[in-house]
Amino acid sequence: MKNLTNDELKNVDGGGFKLGIGLGIAAGVTFIIGFIDGLIRPLKCN
């Protein structure tokens, strides 16, 4: 195993969580829940 210097550690790219991916997943889950809710419990428009 190789020990990395501080400069090398600053240049390491790793599996970070991107904000856009998180927002996309949250939007997809919200849409699916709303779609299923609309099928199960349809409400009349006022």
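All values reported here derive from a predicted model rather than from experimental measurement.

### Digging into the overall build of the chain
Within the chain, the regular secondary structure consists of two helices and zero strands. Seen along its three principal axes, the alpha-carbon backbone of the chain occupies a region of about 65 × 20 × 10 Å. Residues counted as buried form 2% of the 46 residues belonging to the chain. Roughly 4800 Å² of accessible area belongs to the chain as shown, and the carbon and sulfur atoms make up 65% of that amount. For the chain, the distance from the average site of its 5 positive side-chain charges to the average site of its 4 negative ones is 13 Å.

### Notes on the environment of Leu19
Inspection of the secondary structure puts Leu19 in helix 2 (residues 19-40). Residues Leu19 and Leu39 lie 20 residues apart in sequence; the distance between their C-alpha atoms is 30 Å.

### A look at the pattern of salt bridges
Scanning all chains against the criterion turns up two salt bridges. Here Lys2 and Glu8 are joined by a salt bridge, their closest N and O atoms 3.5 Å apart. Across the pair Arg41 and Asp37 runs a salt bridge, and its minimum N-O distance is 3.2 Å. For Arg41, a relative accessible area of 47% corresponds to the partly exposed category. Judged by its relative accessible area of 33%, Asp37 is partly exposed.

Parameters at a glance
- Residues numbered from 1 in each chain as written.
- Predicted model: local features only at pLDDT ≥ 70, side-chain atom pairs only at ≥ 80, totals over all residues.
- Heavy atoms only, no water.
- Helix = DSSP H or I, 4+ residues; strand = E, 2+ residues; numbered from the N terminus.
- Buried < 20%, exposed > 50% of the residue type's maximum accessible area, 1.4 Å probe, protein only.
- Areas by Shrake-Rupley, 256 points an atom, 1.4 Å probe, with all protein chains shown as cover.
- Lys, Arg positive; Asp, Glu negative; His and termini not counted.
- Charge placed at Lys NZ, Arg CZ, Asp CG, Glu CD.
- Salt bridge = Lys/Arg side-chain N within 4 Å of Asp/Glu carboxyl O.

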